[in-house]
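# Structural overview
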Amino acid sequence: MDPNKHTPLRAVALVCTLSPSPAPSSSQLLAEQTMAALAEHGVTGKTVRIADHDLKPGVKTDMGDGDAWPEIRDTILGCDILILSTPIWLGHPSSIAQRVLERLNAEISESDDEGRPLTYGKAAAVCVVGNEDGAHKVGADLFQGLNDVGFSLAPNAVTYWVGEAMQKTDYQDLDKTPQKTAATTKTLAANTAHLARRLKAAPYPAT
């Protein structure tokens, strides 16, 4: 039996909808469903809606003058798993998701006592929603960015839903979660929790 199978894990989901609370959000819904799926694998944590916080533009860990990123960053560094949840706008991740990646770029210059980026022992995954095509492209953009700044990604580490093009139905408007999306979310959770535990038990070597 794997002795690490039940190691407790922490996760945070950064919701990158353009709408601040209390507006309903499909990105928030899919992030919450992903956190619920992770909970089945011994993962606890929370969601953070970025639009509710003053996230300054920039590529430093702290941009000063009320910047909300240092507190959010502390939450990320205290977790084993990072989830990014974004809508599709004009075929791309939201501008807020891009800003999160830009702020994470500062981690390239941060390291532990052995010279490894502080993100190296963490897994990441992605949630995408929209009523236009582009989920694979958006997932690829976020995967590349997350990998560039040191996160590891498990197989099938993206869950998504896209509705019919040029229509007004959102994910949050559905009567029930489509079976395919639900199954994909469960796979994301299982694989990401597994990877996070392996990274915790066997960190990457220092270079």
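Look a little higher up for the structure.
Residues numbered from 1 in each chain as written. Predicted model: local features only at pLDDT ≥ 70, side-chain atom pairs only at ≥ 80, totals over all residues. Heavy atoms only, no water.

Turning next to a nonpolar patch on the surface. On the surface, Leu18, Trp89 and Leu90 cluster together into a nonpolar patch covering about 370 Å² of accessible area. On the secondary structure map, leucine 18 appears in the loop between β1 (9-15) and α1 (26-39). (Patch = residues over 30% accessible without salt bridge, like charges linked within 9 Å, V, L, I, M, F, W, Y side chains within 5 Å. Areas by Shrake-Rupley, 256 points an atom, 1.4 Å probe, with all protein chains shown as cover. Salt bridge = Lys/Arg side-chain N within 4 Å of Asp/Glu carboxyl O. Helix = DSSP H or I, 4+ residues; strand = E, 2+ residues; numbered from the N terminus.)

Glancing now at the packing of aromatic side chains. Inspection of every chain in the model, using the stated rule, returns 2 aromatic pairs. Both rings, one in tyrosine 120 and one in tyrosine 204, keep their centres 5.8 Å apart while their planes meet at 75 degrees; by these two values the pair is edge-to-face. Placement of tyrosine 120 in the loop between α3 (95-104) and β5 (123-130) and of tyrosine 204 in the segment after α5 (179-201) is noted, with a sequence separation of 84 residues between them. Taking the relative accessible area as the measure of exposure, tyrosine 120 reaches 33% and is therefore partly exposed. Residue class for tyrosine 204 comes out partly exposed when judged on its relative accessible area of 33%. Ring geometry for tryptophan 161 against tyrosine 171: centres 5.7 Å apart, planes inclined by 45 degrees, an arrangement best described as tilted. Of the two residues, tryptophan 161 is situated in strand β6 (residues 152-162) and tyrosine 171 in the loop between β6 and α5; the sequence distance between them amounts to 10 residues. Across this residue pair, the class does not change: tryptophan 161 and tyrosine 171 are buried. (Phe/Tyr/Trp six-rings, centres within 6.5 Å; stacked < 30°, edge-to-face > 60°. Buried < 20%, exposed > 50% of the residue type's maximum accessible area, 1.4 Å probe, protein only.)

Put simply, α1 and α5 touch, their axes get as near as 8 Å, and they point 50 degrees apart. Accordingly, the angle class assigned to the pair α1 and α5 is oblique. Every pair of crossing elements has a handedness; the one defined by α1 and α5 is right-handed. Along its contact with α1, which presents Leu30, Gln33, Thr34, Ala37 and Leu38, the element α5 presents Thr181, Thr185, Lys186, Leu188, Ala189 and Ala193. By residue class, the composition of the contact of α1 with α5 is 6 nonpolar, 4 polar and 1 charged. (Axes fitted to C-alpha atoms, helices over the stretch in contact; angles between N-to-C directions. Parallel < 35°, antiparallel > 145°, perpendicular 65-115°, else oblique. Left-handed = near helix turned anticlockwise from the far one by under 90°. Contact = heavy atoms within 4.5 Å. Nonpolar A, V, L, I, M, F, W, Y, C, P; charged D, E, K, R; others polar.)

Here we take up the pairing of strand β3 (residues 81-89). Among the 9 residues that make up β3, 8 are buried, leaving the element largely enclosed by the rest of the structure. Of the pairings in the sheet, the one linking β1 to β3 comprises 5 bridges and is parallel in character. Across the sheet, the residue bridging to valine 15 is serine 85, located in β3. Pairing geometry for β3 and β5, over 7 bridges, is parallel. (Pairing = 2+ DSSP bridges.)

All right, on to unusual backbone geometry then. The omega angle of the peptide bond from serine 21 to proline 22 is 10 degrees, so this bond is cis rather than trans. In this structure, proline 22 sits in the loop between β1 and α1. With a phi angle near 60 degrees, asparagine 156 is a residue other than glycine that sits in the positive phi range. One can find asparagine 156 in strand β6.

Empty pockets left among the atoms are what a rolling probe the size of a water molecule brings to light. On inspection of all chains with the given rule, the structure shows 1 cavity of 30 Å³ or more. Size it by volume and the largest cavity reaches roughly 30 Å³. Trp69, Arg73, Ile76, Leu77, Leu104, Glu107 and Thr119 together form the lining of the largest cavity. Residue contributions to the lining of the largest cavity peak at 4 residues, all from helix α2 (residues 69-77). (1 Å grid on protein atoms, 1.4 Å probe; cavity = no way out; pocket = protein on both sides within 12 Å on 5 of 7 lines; lining within 4 Å. Points joined across faces, edges and corners; volume = space filled by probe spheres on them.)

Below, the discussion takes up the layout of surface pockets. Considering only enclosed or pocket space, the largest pocket measures out at about 310 Å³ in volume. Taken together, 18 residues line the largest pocket, and the ones lying closest to its centre are Ser26, Pro87, Trp89, Val129 and Asp170. Counting residues per element, the lining of the largest pocket draws most heavily on β3, which supplies 3 residues. A breakdown of the residues in the lining of the largest pocket according to their chemical character gives 8 nonpolar, 8 polar and 2 charged.

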